[in-house]
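Listed below are the residues making up each chain.
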Amino acid sequence: MSVTSENRTHDAAAFSLWRHRFAFPIRMGSGLATILKGVPLLVVFFAFWEAAPRLGLLNPIFFPPLSVVVEAWLEMIRTGVLGRNIGISLQRATLGFALAVAVALPLGVLMGRYARFEQLTDLMVQTLRNTSQFALLPVFIMLLGIGEASKVAICFYASVFFLLVNTISGVKSVDPLFLKAARSMGASDLDIFVKVILPASIPSIAAGARLAVKASIVAVIGAEMLAAQSGLGYLIHQSQLMMETPDMYAGILTLTFIGLAVNYLLVALEARATAWRGQAEGAPH
Amino acid sequence: MDRIRLEDVRKTFTLKAGQTVSLGGVPTNRIPVLSGVDLTIRKGEFVTLAGPSGSGKSVLLDIIGGLTEASSGTAYVGATPVTRPDPSTAYVFQQYALFPWRTAQQNIEFALEVRGVPKAERRERARRYLALFGLRGFEDRYPAQLSGGMQQRVAIARALSTDPEVLLMDEPFAALDAQTRDILQGELLRIWDEIKTTIVFVTHSIDEAVYLADRVVVMTARPGTVKEIIEIDLPRPRDLEIRNTAAFARLRGRVWEVLRDEVTKAQRDWQIAAH
Ligand SMILES: Nc1ncnc2c1ncn2[C@@H]1O[C@H](COP(=O)(O)OP(=O)(O)OP(=O)(O)O)[C@@H](O)[C@H]1O
Ligand SMILES: [Mg+2]
């Protein structure tokens, strides 16, 4: 034998440690400087947005100047319309995400740990995963009605697979040496699940969670545009139908801000959950 | 009194269907790794295990530690045959095997947690063992923030914190630089001198094998058996200087002589496989 399996295990262990460290090559530190470099282009964009409709380059009915949009936005904040709809949308997205966590974590741990179980379930999961959540909206509505449940369901569906896939791969890439060490110390199967496999998979699960939260927000907006009487998506869609384009753009901008804020929050949470990996990492992208 | 007794321990790995390796030019899916190991280790003895790569040293430790089952034969720790990891046996690995998401303190507590030791006692014990290895003040560091030598100290502290009767060490210092290795060898001897637990220590370094041991067990090339046992009658406590003595040189030469043929055999084994 040219390579002993012992050596192979060590290589695999070293490799998986290496991978753990560098799986998410995101850096902070230079963050602010990078952001500042991007500011001029953004300013140009906003200036164009303000000027073009005023100069007649764009039709102000479809593209109202930025200042008009901001005015509409402030008005929507003042009346509480915006806050209420943001609250509704976030509540749906959060519920869907939370359900997805509750399902994907145990399922993913089982699928990642037991090859038999994965063989049984994998094809089913792949089939469901490749079915668009929006295509399923009519089904959810038929099953769950037009109310909250169908919106929560679509958020769940949109986010569950990101969590599941990353939980499975996290569990599978747990360094076998950790399992061996835990067993040598007499850890029970439950101890090994809770104290080794789960924490070792946290970096992977956290990365999946970040994608899942984004997907959940996208899903809720989409669903609200297609079939809802409230929420940010509904607000944007409705403003378009009523040709209240300043309101529409205000809604779109709100979504952008929410997206940025959520991303920062998630990156920060992820960095905290994986602080043991060494230097602080994580920057929005 | 005997602490560990191996009676005709054999191990053959059977590869999964479809996988084969070439042994002596013959394709097979069965790899004999240990072919009848007989060995008795006394209570409180420090035994080092040397042998060519692939001679089954790690597998033998796994069998003693209850992590792998022997294909036939029996390993006894105390009076009972080993069937699963025993709470009175601890294991130290070459790659430290610390949990990177736990601090030094929490890593040691892991071994105590899974034994159901109450929290306050866990704390106190973990601190005491870190201090024993000169790691006071490093309790809250994560492994990534510790040097290799410190990580291995934590791993050894973790193993010893459970008061094991048997300590299995698989090339624990192989990944460390020469100075750190010397220091840790000294620390290990100092602590072993106090607690006198039974240690089985695998190493590729003949110097290390002789310096630490009461007896050096030399294994044959795969499939491994005990080729020869060399008594190390050097006085204790031993300091590093002992390596410059004639007695040490003689023992080193003796171990190398026994080992040489086996290493050559093992190399031939690999060459055949590579073709
Ligand atoms: N799980 C396994 N499946 C198949 N073969 C294995 C397995 N574990 C070990 N082996 C084989 O058993 C043989 C002995 O392995 P072992 O790791 O015990 O050797 P070793 O003496 O510790 O070598 P080294 O000095 O390189 O660490 C090797 O040829 C290895 O390929
Ligand atoms: Mg080995």
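Predicted model, so just to flag it, every value in this text is computed and none were measured. (Residues numbered from 1 in each chain as written. Chains lettered and ligands numbered in written order. Predicted model: local features only at pLDDT ≥ 70, side-chain atom pairs only at ≥ 80, totals over all residues. Heavy atoms only, no water.)

Side note on the pattern of salt bridges
Defined as follows: We count a salt bridge whenever a side-chain nitrogen from Lys or Arg sits within 4 Å of a carboxyl oxygen from Asp or Glu. The numbering of helices and of strands both runs from the N terminus, where a helix is a DSSP run of H or I of at least 4 residues and a strand a run of E of at least 2. Think of it in three bands: residues with accessible area under 20% of the maximum for their type are buried, residues over 50% are exposed, and the middle band is partly exposed, with areas taken using a 1.4 Å probe on protein chains only.
Scanning all chains against the criterion turns up 29 salt bridges over all chains. Linking B:Glu113 and A:Lys195 is a salt bridge whose minimum nitrogen-to-oxygen distance equals 2.5 Å. With one member in each of two chains, B:Glu113 in helix α2 (residues 104–113) and A:Lys195 in helix α9 (residues 189–226) form a pair that bridges those chains. By relative accessible area, which is 18% here, B:Glu113 ends up buried. By relative accessible area, which is 21% here, A:Lys195 ends up partly exposed. For B:Glu262, the salt bridge identified is with B:Lys265, shortest N-O distance 3.2 Å. One end of the pair, B:Glu262, and the other, B:Lys265, are both in helix α7 (residues 246–274), three residues apart, so they sit about a helical turn from each other. Take B:Glu262: its relative accessible area is 3%, and that puts it in the buried class. Residue class for B:Lys265 comes out partly exposed when judged on its relative accessible area of 42%. Each of A:Arg92, A:Glu148 and A:Glu224 takes part in one network of salt bridges that share partners.

Regarding the interface of chain B and chain A
When the parts of a complex come together, some accessible area is lost, and that lost area is often used as the size of the interface. Quick note on the threshold: Residue contacts are counted whenever heavy atoms from the two residues lie within 4.5 Å of one another. Once two parts are joined, some of their accessible surface, as seen by a 1.4 Å probe, is lost; buried area is that loss totalled over both. Whenever a nitrogen or oxygen atom comes within 3.5 Å of another N or O atom, the pair is scored as a polar contact, on the condition that within protein one atom can donate a hydrogen and the other can accept it, and that pairs from neighbouring residues in sequence are kept only if both atoms are in side chains. By the convention adopted, Pro, Cys, Tyr, Trp, Phe, Met, Ile, Leu, Val and Ala count as nonpolar, Lys, Arg, Asp and Glu as charged, and the other residues, Gly among them, as polar.
At the junction of the two partners, chain B supplies 34 residues and chain A supplies 23 residues. Together, the buried faces of chain B and chain A total about 2,600 Å²; carbon and sulfur atoms form 69% of this surface. Three residues, B:Leu67, B:Trp101 and B:Val114, lead the burial of chain B against chain A; their summed loss comes to 24% of the area buried on that side. Our count for the contact surface shared by chain B and chain A stands at two salt bridges. Along the contact surface separating chain B from chain A lie four residue pairs in polar contact (both at pLDDT 80 or more). In terms of residue class, the side of chain B that touches chain A is made up of 19 nonpolar, seven polar and eight charged.

Focus: the UniProt feature "domain: ABC transmembrane type-1" (unreviewed entry) in chain A
The condition that has to hold: UniProt positions are given in the numbering used here, feature names are shortened, and annotations may be inferred rather than shown by experiment.
Mapped onto the present numbering, the UniProt feature "domain: ABC transmembrane type-1" (unreviewed entry) falls on residues 86–266 of chain A. Helix makes up 86% of residues 86–266 of chain A and strand 0%, and the two end C-alpha atoms of the span are 18 Å apart.

Things to note about helix α4 (residues 81–113) of chain A
Defined as follows: Expected helix span is taken as 1.5 Å per residue step, with the number of steps being one fewer than the number of residues. The angle between axes fitted to the seven-residue stretch ending at a residue and the seven-residue stretch beginning at it gives the bend at that residue.
Compared with the 48 Å implied by 1.5 Å per residue over 33 residues, the 48 Å span of α4(A) between its first and last C-alpha is a close match. Of all the bends in α4(A), the greatest, near 25 degrees, is centred on A:Ala104, and the proline A:Pro106 appears no more than four residues after it.

A few points about the packing of helix α10 (residues 232–241) of chain A against helix α11 (residues 245–273) of chain A
Relative orientation and spacing of two packed helices are given, respectively, by the angle between their axes and the distance between those axes. Residues and elements named next belong to chain A. Which entries qualify depends on this criterion: Lines fitted to C-alpha atoms define the axes, with helix axes restricted to the stretch in contact, and inter-axis angles between N-to-C directions lie between 0 and 180 degrees. Working definition: roughly parallel below 35 degrees, roughly antiparallel above 145 degrees, roughly perpendicular at 65 to 115 degrees, and oblique for all remaining angles. Crossings are assigned a handedness: left-handed for a near helix turned anticlockwise from the far helix by less than a right angle, right-handed for a clockwise turn.
It is the contact of α10 with α11, at a shortest axis distance of 7 Å, that shows an interaxial angle of 155 degrees. When the interaxial angle is binned, α10 and α11 end up roughly antiparallel. Regarding α10 and α11, the two cross each other, and that crossing is left-handed. Together, Leu 232, Leu 235, Ile 236, Ser 239 and Gln 240 of α10 and Thr 245, Asp 247, Met 248, Gly 251, Ile 252, Thr 254, Leu 255 and Ile 258 of α11 make up the contact between the two elements. Of the residues that constitute the contact of α10 with α11, the class distribution is seven nonpolar, five polar and one charged.

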